[in-house]
Amino acid sequence: MISIKSEREIELLAHAGHIVYLTHCYLKPYIKAGITTKQLNELAEDFIRSKGATPSFLNYEGFPAAICTSINEEVVHGIPSNRKLKNGDIISIDIGACYKGYHGDSAWTYAVGNVSKNIEYLMEHTEKSLFIGLAEIKPGNRIGDIGAAIEEYANKHKLGVIKELVGHGVGTNVHEEPDVPNYGKRGTGPILKEGMVIAVEPMLTLGSPEICILDDNWTIETDDYSASAHYEHTVVVTKNGYRILTGGAYNEEK
Ligand code: MG
Ligand code: MG
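What comes next is a walk through the structure. The numbering scheme is per chain: residues are counted from 1 as the chain's sequence reads. Each chain gets a letter, beginning with A, and each ligand a number, beginning with 1, in the order they are written. Predicted model: local features are reported for residues with pLDDT of at least 70 only, side-chain atom pairs are reported and counted for 80 or more only, and whole-chain, interface and lining totals are derived from all residues. Side-chain measures here rest on the full set of heavy atoms in the structure, leaving out hydrogens and waters.

The coordination sphere of the magnesium ion (ligand 2), as far as protein atoms go, consists of Asp105 (OD), His168 (NE2), Glu201 (OE) and Glu232 (OE), spread over 2.0 to 2.3 Å. Here the coordinating atoms are restricted to nitrogen, oxygen and sulfur within 2.8 Å of the metal centre, or 3.2 Å for Na, K and Ca, and because water is not among them the sites may look incomplete. Read in sequence order, the donor residues coordinating the magnesium ion (ligand 2) give the pattern D-x62-H-x32-E-x30-E. In this structure the magnesium ion (ligand 1) is found 3.1 Å away from the magnesium ion (ligand 2), and Asp105 serves as a bridging donor for the pair. Of the two residues, Asp105 sits in strand E5 (residues 102–111) while Glu232 sits in the loop between strand E13 (228–230) and strand E14 (233–237), which places them 127 residues apart along the sequence. We count a stretch as a helix when DSSP gives it H or I for four or more residues in a row; a strand needs E for two or more, and each element gets its number in order from the N terminus.

An ideal rise of 1.5 Å per residue puts 20 Å on 14 residues; helix H4 (residues 143–156) measures up with 21 Å between its terminal C-alpha atoms. For H4, the buried fraction is high: 11 of the 14 residues fall into the buried class. In what follows, a contact means two residues having at least one pair of non-hydrogen atoms within 4.5 Å. Those residues of H4 that are buried are in contact with helix H3 (117–134), strand E6 (160–161), strand E8 (176–180), strand E9 (197–200) and strand E10 (203–205). Directly beyond the C-terminal end of H4, a positive phi value near 55 degrees is found at Lys158. Expected span of a helix, by definition, is 1.5 Å for each gap between consecutive residues, and there is one gap fewer than residues. Here's how the labels work: a residue is buried when its accessible area is under 20% of the maximum for its type, exposed when over 50%, partly exposed in between, all with a 1.4 Å probe on protein chains only.

Let us look at the sheet that holds strand E11 (residues 211–213). DSSP calls a pair of strands paired once it identifies at least 2 bridges connecting them. On the basis of which strands lie adjacent, the open sheet formed by 3 strands has the order E3-E12-E11 and antiparallel pairing. Single-partner strands in this sheet number two, and they are strand E3 (74–76) and E11. Adjacent strand axes in the sheet meet at a mean angle of 40 degrees, parallel and antiparallel pairs treated alike. Relative to strand E12 (residues 220–222), E3 is paired through 2 bridges, and the arrangement is antiparallel. By the bridge assignment, Val76 is partnered in E12 with Ile220. For helices, the fitted line uses only the C-alpha atoms of the stretch in contact; every axis is such a line through C-alpha atoms, and the angle between N-to-C directions lies from 0 to 180 degrees.

Bringing the coordination of the magnesium ion (ligand 1) into the picture now. For a metal bound by four donors in tetrahedral geometry, the ideal donor-metal-donor angle is 109.5 degrees, whereas six donors in octahedral geometry ideally sit at 90 or 180 degrees. Looking at the magnesium ion (ligand 1), one finds its protein donor set to be Asp94 (OD), Asp94 (OD), Asp105 (OD) and Glu232 (OE), positioned 2.0 to 2.5 Å from the metal centre. Mapped onto the sequence, the donors of the magnesium ion (ligand 1) take the spacing D-x10-D-x126-E. Using a relative accessible area of 9% as the deciding quantity, one classes Asp94 as buried.

This part is about a negative patch on the surface. Taken together, the side chains of Glu164, Glu210, Asp223 and Asp224 present a region of like negative charge at the surface. Position of Asp223 relative to the elements: it lies in the loop between E12 and E13. Judged by relative accessible area, which is 42%, Asp223 ranks as partly exposed. Only residues whose relative accessible area exceeds 30% and that take part in no salt bridge are eligible for patches, with like-charged residues grouped when within 9 Å of each other and nonpolar side chains (Val, Leu, Ile, Met, Phe, Trp, Tyr) grouped when within 5 Å. In these tables, accessible area is a Shrake-Rupley quantity obtained with a 1.4 Å probe, and a residue counts as shielded only by the protein chains included in the view. We count a salt bridge whenever a side-chain nitrogen from Lys or Arg sits within 4 Å of a carboxyl oxygen from Asp or Glu. Two residue types count as positive, namely Lys and Arg, and two as negative, namely Asp and Glu; His and chain ends fall outside the count. The atoms used to mark charge sites are NZ of Lys, CZ of Arg, CG of Asp and CD of Glu.

With respect to topology, 3 strands assemble into an open sheet ordered E6-E10-E13, the strand pairing being antiparallel. Both edges of this open sheet fall to E6 and E13, since each of them pairs with a single strand only. Relative to E10, E6 runs antiparallel, the two being bridged by 2 bridges. The residue of E10 that forms the bridge with Gly160 is Thr205.

Let us now look at the pairing of E5. Among the 10 residues of E5, 9 are classified as buried, and the element is accordingly described as predominantly covered. In this sheet, E5 lies alongside strand E4 (residues 90–99) in antiparallel orientation, the contact comprising 10 bridges. Bridge pairing links Ile90 to Ala111 in E5. Where E4 folds back on E5, the antiparallel hairpin that results is connected by 2 residues, among which Lys100 adopts a positive phi of roughly 45 degrees.

So, about the pattern of salt bridges. Using the criterion set out here, one finds 9 salt bridges in the structure. Glu74 is the salt-bridge partner of Arg83, the closest N and O atoms lying 3.4 Å from each other. We note a salt bridge from Lys128 to Glu124, for which the minimum N-O separation is 3.0 Å. Taken together, the positions of Lys128 and Glu124, both in helix H3 and 4 residues apart, correspond to about one turn of that helix. On the basis of relative accessible area, Glu124 is assigned to the partly exposed category, the value being 38%.

Structure follows, in structure tokens:
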């Protein structure tokens, strides 16, 4: 069942989402060559706790860290480790925070120092694809409209769309119904209604969209080792559109 959140719940989700946004802002200046992903994880966990929240992903189905750190060909669910970031890497950082029982979820891909033109292209158009998908959100539209818009945009820019990993509802669980795929057909899927809260999260690749899972049973990477980017916002469906709960402008409605 897809739940409709009350005004009170939406404010708690907005508070959790804002903590996620602030955590991204806090980490950003540390994302430089030489830092380890474990150090980033510790910084993020301390920051989230300092805001009266807990990291949503820590121990989630056994995940061993507060945030996911996925480098280059790694798509999602990278486990923070002693690996040091290098100039030219990209790192996708996925952050979840739980505040008074409600979650926020947002991922962003960051460049480490100078990256190649190809990588810049991947990052620019994956980020744009997120906003192209979000632009479909208003009551009466369908989940399939979001995925179709993202897929059309990715195809136009010759980027691979990962199909096995999808966005989701967000509430008292970090992953709720419905699934929000980054592909699909317009006019299909559940109807969007005011008060639904969903995370939209395109994961695009420079090469093949095929993926595999590493021996750690968490890290997912591209089969052909091509780079992958990931941008995610949690949003609430409003009367006329949507409001980003994990973005900078705290109450901005689109
Ligand atoms: Mg996420
Ligand atoms: Mg998510």
